[in-house]
Amino acid sequence: VLAPNAPKPLAGRCFVVTSGPTHEPIDPVRYIANRSSGQQGHAIAQALAEAGGEVVLVSGPVVIPDPQGVRTVKVETARQMLKAVEEALPADGAIFVAAVADWRVATEGASKTKKGADGPPRLELVENPDILATIGHGEKRPKLVVGFAAETNDLLANAQAKLMRKGADAILANDVSLEGGVMGGPRNTVHLVSESGVEDWPTMAKADVARRLVDWIVARMGASGA
Ligand code: CTP
Ligand code: CA
């Protein structure tokens, strides 16, 4: 519960946040997914709202509750997530936290695929749209665009490459091979990579990563003074 007189440095500012995994259907009973729980994205949406921001949270399928004080739009696939983000623009800032499935099957089965004499099916995959890159290079680009980079190798080099390739102002790089499991776990270790260099943040609860990111956003955008 918020103190009624808590400072609202982001009052009057609008944000879009993506969170959770996406599910890409193979047939009516199966899908491609990943281990994302939505905890980090939901925490960021909530922290922005607590700072006074007006927030649209575009979430893939998650089991955690919708954050308070935020408009949550639920989607399933990467393509639906891109559409929902585009519909939420214009915004002053966009934070792309979702673990978007990189691939979907080329042709979704209309009925359940059955076992049979032909052996296992061969799934043909096609690449999903890159939501962050589309918005980061798009006409309606928000003034502030932040992404994440989930890496198991060459963390900072890969994050720096993503910063450029996706047109982001900052990338929060996290090593998803760390013991304990970042994806689905309660804590996160991130490095904030921007044009001004790299900030190594200590391991924190995901809610604290969210608050620290909001502090960085306020410093970057300037408090609205409302
Ligand atoms: N992202 C996105 N849409 C996609 C894939 C990724 O918006 N189709 C966003 C994620 O939300 C994250 C950032 O891009 O903010 C980086 O995601 P990541 O999976 O680390 O990078 P990819 O570009 O997909 O590259 P790869 O998985 O091959 O490392
Ligand atoms: Ca990816």
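Along each chain, the written sequence defines residue order, and numbers are assigned to residues from 1. The naming scheme follows written order: chains are lettered A onward, ligands numbered 1 onward. Given that this is a predicted model, residues contribute local features only at a pLDDT of at least 70 and side-chain atom pairs are listed and counted only at 80 or more, while totals for whole chains, interfaces and linings are drawn from all residues. In computing side-chain properties, one takes all heavy atoms of the structure into account and sets aside hydrogens as well as water.

Engineer: So what exactly am I meant to see when it comes to unusual backbone geometry here?
Structural biologist: What you tend to see is this: most non-glycine residues have negative phi, and most peptide bonds are trans. The step from Leu89 to Pro90 runs through a cis peptide bond, and the omega angle for that step is 5 degrees. Here Pro90 is to be found in the loop between helix H2 (78–88) and strand S6 (93–96). Despite not being glycine, Asp154 shows a phi value in the positive range, around 45 degrees. For Asp154, the position within the fold is in the loop between strand S9 (144–151) and helix H4 (155–165). Only runs of H or I of at least four residues qualify as helices and only runs of E of at least two qualify as strands under DSSP, and these elements are numbered from the N terminus.

Engineer: Would you take a moment to explain the pairing of strand S2 (residues 24–27) for this structure?
Structural biologist: Within a regular strand, side chains alternate between the sheet's two faces. Between any two strands, pairing holds if DSSP finds at least two bridges. Across 3 bridges, the pairing between S2 and strand S3 (residues 30–32) is antiparallel. Each bridged residue has a counterpart across the sheet, and for Pro25 the counterpart in S3 is Tyr31. Hairpin remark: S2 followed by S3, antiparallel, with 2 residues in the connecting loop.

Engineer: Would you take a moment to explain the nonpolar core for this structure?
Structural biologist: One broad trend across soluble globular proteins is that nonpolar side chains are buried collectively. Take the buried Ala, Val, Leu, Ile, Met, Phe, Trp, Tyr and Cys residues and link them wherever side-chain atoms come within 4.5 Å; each set so joined is a nonpolar core. Exposure is judged per residue with a 1.4 Å probe applied to protein chains only, and the accessible area is read against the type maximum: over 50% gives exposed, under 20% gives buried, and values in between give partly exposed. Of all hydrophobic cores here, the largest spans 31 residues; its most connected members are Leu48, Ile95, Leu213 and Ile217. Sorting the residues of this core by element identifies strand S1 (14–19), helix H1 (39–50), strand S4 (54–59), S9, strand S10 (170–175), strand S12 (190–194) and helix H5 (206–221) as the ones contributing at least two each. It is H5 that provides the largest number of residues to this core, a total of 7 residues. Residues within four places of Leu48 in sequence aside, it is in contact with Leu10, Phe15, Val17, Gly53, Val55, Ile95, Val214 and Ile217. Counting 26 residues, the second largest nonpolar core, distinct from the first, contains Val85, Ala88, Ala91 and Val145. Any pair of residues with heavy atoms lying within 4.5 Å of one another is described as a contacting pair.

Engineer: Honestly, the coordination of the calcium ion (ligand 2) in this entry has me stumped. Any pointers?
Structural biologist: Angles between donor atoms at a metal ideally measure 109.5 degrees for a four-coordinate tetrahedral arrangement and either 90 or 180 degrees for a six-coordinate octahedral one. Here the calcium ion (ligand 2) is held by the protein donor atoms Asp102 (OD) and Asp102 (OD), which lie 2.5 Å from it. With respect to the helices, strands and loops of the structure, Asp102 is situated in the loop between S6 and strand S7 (103–105). Donor selection uses N, O and S atoms within 2.8 Å of the metal (3.2 Å for Na, K and Ca). Since no water is included, sites may look incomplete.

Engineer: Just checking my understanding: could you explain the pattern of salt bridges for this structure?
Structural biologist: By salt bridge we mean one thing: a side-chain nitrogen of Lys or Arg within 4 Å of a carboxyl oxygen of Asp or Glu. With the rule as written, the count across this model stands at 7 salt bridges. Between Lys83 and Glu87 there is a salt bridge, and its shortest N-O distance comes to 3.2 Å. With a gap of 4 residues between them, Lys83 and Glu87 both fall in helix H2, about one helical turn apart. There is no split in this pair, since Lys83 and Glu87 are both exposed. Across the salt bridge formed by Arg211 and Asp208, the nearest N and O atoms sit 3.0 Å from each other.

Engineer: Honestly, the environment of Ile44 in this entry has me stumped. Any pointers?
Structural biologist: Within the secondary structure, Ile44 is located in helix H1. What makes Ile44 buried here is its relative accessible area of 0%. Note: C-alpha distance between Ile44 and Asn5 (39 residues apart in sequence) is 21 Å. When residues no more than four places from it in sequence are discounted, the contact partners of Ile44 are Ile95, Val97, Phe148, Ala210 and Leu213.

Engineer: Teacher, can you tell me more about the site of ligand 1 here?
Structural biologist: Lining the immediate surroundings of ligand 1 are 15 residues, of which Phe96, Ala98, Pro129, Lys162 and Lys166 lie closest. A distance of 3.0 Å separates a nitrogen atom of ligand 1 from a polar atom in the backbone of Ile131. Each polar contact in these results corresponds to two N or O atoms within 3.5 Å; when the atoms are within protein, one needs to be able to donate a hydrogen and the other to accept it, and residues that are neighboring in sequence are counted only if both atoms are side-chain atoms. At 3.0 Å from an oxygen atom of ligand 1 is found a main-chain nitrogen or oxygen belonging to Ala150. In this description, accessible areas are obtained by the Shrake-Rupley approach with a 1.4 Å probe, and a residue is regarded as covered only by the protein chains that are shown. In isolation ligand 1 offers 570 Å² of accessible surface; the protein chains occlude 79% of this area. The nearness test applies per residue and asks whether one of its heavy atoms lies within 4 Å of the molecule or strand.

Engineer: Just to check I follow, could you spell out the environment of Arg187 for this structure?
Structural biologist: The residue Arg187 is located in strand S11 (residues 187–188) in this model. We classify Arg187 as partly exposed; its relative accessible area is 46%.

Engineer: I tried to follow the side chain of Gln40 on my own but got confused; where do I start?
Structural biologist: Position of Gln40 among the secondary structure elements: in helix H1. Its relative accessible area of 7% is what places Gln40 among the buried residues. Separated by 3.0 Å, the side chain of Gln40 and the backbone oxygen of Lys206 make a polar contact.

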